Every structure is written in C-alpha cells, then in structure tokens.
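Letter by letter, the chains look like this.
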Amino acid sequence: DGGITQSPKYLFRKEGQNVTLSCEQNLNHDAMYWYRQDPGQGLRLIYYSQIVNDFQKGDIAEGYSVSREKKESFPLTVTSAQKNPTAFYLCASRIFETGYRGELFFGEGSRLTVL
Amino acid sequence: AQKITQTQPGMFVQEKEAVTLDCTYDTSDPSYGLFWYKQPSSGEMIFLIYQGSYDQQNATEGRYSLNFQKARKSANLVISASQLGDSAMYFCAMREGTGGGADGLTFGKGTHLIIQP
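Now for a look at the structure at hand. Positions within a chain are numbered from 1, following the residues in the order the chain's sequence is written. Chain labels run from A onward and ligand labels from 1 onward, assigned in the order the entries are written. Two thresholds apply to this predicted model, a pLDDT of at least 70 for residue-level local features and 80 or more for giving and counting side-chain atom pairs, whereas whole-chain, interface and lining totals are computed over all residues. Excluded from the side-chain calculation are hydrogens and water; included are all heavy atoms of the structure.

1. Quick word on the overall build of chain B
Reasoning step 1: Numbering goes from the N terminus for both helices and strands, where a helix is a DSSP run of H or I of at least four residues and a strand is a run of E of at least two. When you go through chain B residue by residue, the secondary structure sums to zero helices and 12 strands.
Reasoning step 2: A globule of 117 residues ought to have a C-alpha radius of gyration of about 13 Å, and chain B, at 14 Å, matches this closely.
Reasoning step 3: Across its three principal axes, chain B shows a C-alpha extent of roughly 45 × 30 × 25 Å.
Reasoning step 4: Under the scheme applied here, a residue whose accessible area is under 20% of the maximum for its type counts as buried, over 50% as exposed, and between as partly exposed, the area being computed with a 1.4 Å probe on protein chains only. Looking at the 117 residues of chain B, the share that counts as buried comes to 49%.
Reasoning step 5: Sequence separation of 24 or more characterises 55% of the internal contacts of chain B that already satisfy a separation of 6 or more. Restricting the calculation to C-alpha atoms gives the radius of gyration, and the globule rule supplies 2.2 Å times the number of residues raised to the power 0.38. Residue contacts are defined here by distance: any two heavy atoms, one from each residue, within 4.5 Å place the two residues in contact.

Structural data, given as structure tokens:
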C-alpha cells in the first residue's frame, strides 16, 4: 500500500539536543511538507520541498532544518535553537500539477516531547 | 489577519443529527481551493472533501457536503446523520492559486466535534 511513514511515533529529547524526524513516502509525489501542530493552534507550515535538493521555508522555520536528497525522503531536524519544540509534527505530500486540486496526504505524525 | 477562521472550538451533537461546522476564509486570489480534514484522536489527518473556487456546485462526498457561499467567503462542512465515529477534530484549509505552486495549505484552528449517543 502506498503512503507516508513517519518515525519515530513518540520521541523524548533533553533540552539542547538536536533530533531528526523521519518522513518517507512511496506515493511518487513531488512535493513534501512538514507541519507543526500545537493544541488550539491548528497546523502551521515549517518547510516544504517541490523537488529534490530544493526546499523553502514556511511560516515557522526558525530552529528547524530539512534536506531532500531523495524524492521519497524529507527528514526534519529540530535543532537546539528551537525554543519550544514540544509539539506534534506531521509530514505530508501531494501531487504537484497545475489544475489538480492539491489535497495533502499525511503521515501519522511524530510526537516530540522535550524534558 | 487569519486566512482561515473556524469560530467553533468545540461542539456537542446528538447521534443521528446533522452537523454544520463553520469556516470562513480570506483571500484576494480569484483561484483557490478549500479543503476539510478530519483528525481522530490517533492523530492522522483524513481528507474529506474539496471545493474549487470556480466550481458551480457544492461538493458532496457521501455523508459530507460543503456549503460554499463565495460572496460571503464561507465554506461550511455539513455532516448528515452523524455517527459516534464522527467524533474528532475537523480542520478547514485553503490553497491559494491554481495548484501550480508547491505552497502548502493554510489551516484553521479546528473544531472539536463530539457525537453523543
């Protein structure tokens, strides 16, 4: 079955540590996204990537970094510079095609807790 | 200014009743798309329904329909004959433009719907 796999599902981190969240898709989608979800805040866009080796900052990119070395993979690193990293992180992808409705397909999310 | 506004943080509805979840949006782009997603307690985001700005008819998908009022910039989700399994967070989202850009969707803050037996 095609889909998006995020790992780990739960992650605990000490303050000052970097952590990398994995996102892999086998949908052959060009565009991939990372969102952050906080209670009562909805989803906010961190980074997105349209093609391999290219990515763009979203609304809340500070303290995060990404890479896109393969079409299938879009890992997110939460750095020690992120002041409030405890949140639920969602990875998504979509078909990139003019005129297509463009709904996002989501992974099951990774819940990061900073101790 | 918020681009997507969902004014109902939480709703309680009796099973089998119809539910309307409100969503208003703000954009100056004549071409846009509106989406509704369901998020159960497990956390996954499930796509429910889509409405394009140029679509003449309101979108429907099974028990879900979208009440699209373009002049009022509203895109309310209607769930007919609600079921216990409909209990979840519901998010309204918007894509600005024709879909040719890779920009992500903008989401509202969500409505927590609880269906009571």
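2. Things to note about the nonpolar core
Residues and elements named next belong to chain B.
Reasoning step 1: Working definition of a nonpolar core: buried Ala, Val, Leu, Ile, Met, Phe, Trp, Tyr and Cys residues. They are joined through side-chain atoms within 4.5 Å. Val19, Tyr25, Trp36, Ile49, Leu77, Tyr90 and Leu113 are the most contacted members of the largest nonpolar core, which totals 25 residues.
Reasoning step 2: Where this core is concerned, the elements lending two or more residues are β2 (10-14), β3 (19-21), β5 (32-39), β6 (46-52), β8 (64-69), β9 (74-79), β10 (88-96) and β12 (111-116).
Reasoning step 3: At four residues, β10 tops the list of elements feeding residues into this core.
Reasoning step 4: Filtering out sequence-adjacent residues up to four positions away, Tyr25 remains in contact with Lys3, Ile4, Tyr32, Leu34, Phe68, Lys70, Lys73, Ser74, Ala75 and Met94.

3. Quick notes on the state of the cysteines
Residues and elements named next belong to chain A.
Reasoning step 1: Throughout, disulfides are identified as pairs of cysteine sulfur atoms within 2.5 Å of each other. Evaluated as defined, the whole model comprises two disulfides over all chains.
Reasoning step 2: Paired by a disulfide, Cys23 and Cys91 hold their sulfur atoms 1.9 Å apart. One disulfide, between Cys23 and Cys91, carries an S-S torsion of -75° and so falls in the left-handed class. Taken as a pair, Cys23 in strand β3 (residues 19-25) and Cys91 in strand β9 (residues 87-94) lie far apart in primary sequence, 68 residues in all.

4. Considerations on the interface of chain A and chain B
Reasoning step 1: On the chain B side, the residues contacting the 26 residues of chain A number 22 residues.
Reasoning step 2: The junction of chain A with chain B conceals about 1,800 Å² of combined surface from both sides, 56% of it contributed by carbon and sulfur atoms.
Reasoning step 3: Three residues, Leu43, Arg101 and Phe106 of chain A, lead the burial of chain A against chain B; their summed loss comes to 27% of the area buried on that side.
Reasoning step 4: The rule for a salt bridge is simple: a side-chain nitrogen of Lys or Arg has to be within 4 Å of a carboxyl oxygen of Asp or Glu. Applying the counting rule to chain A against chain B returns zero salt bridges.
Reasoning step 5: Contributing elements (two or more residues each) for the side of chain A that touches chain B: β4 (31-38), β5 (42-49) and β9 of chain A.
Reasoning step 6: Polarity classes work like this: nonpolar for Ala, Val, Leu, Ile, Met, Phe, Trp, Tyr, Cys and Pro, charged for Asp, Glu, Lys and Arg, and polar for all others, with Gly in that last group. Of the residues in the side of chain A that touches chain B, the class split is 12 nonpolar, nine polar and five charged. In short, buried area is how much 1.4 Å probe accessible area vanishes from two parts on joining, totalled over both.

5. Considerations on the pairing of strand β2 (residues 10-13) of chain A
All names here are of chain A.
Reasoning step 1: The alternating pattern of β2 places Leu11 and Arg13 on a buried face, while none of Tyr10 and Phe12, on the opposite face, is buried.
Reasoning step 2: DSSP bridges decide pairing: two strands pair if at least two such bridges lie between them. Direction of pairing for β2 relative to strand β11 (residues 110-114): parallel, over a ladder of four bridges. Considered in β11, the bridge of Leu11 is made with Leu112.

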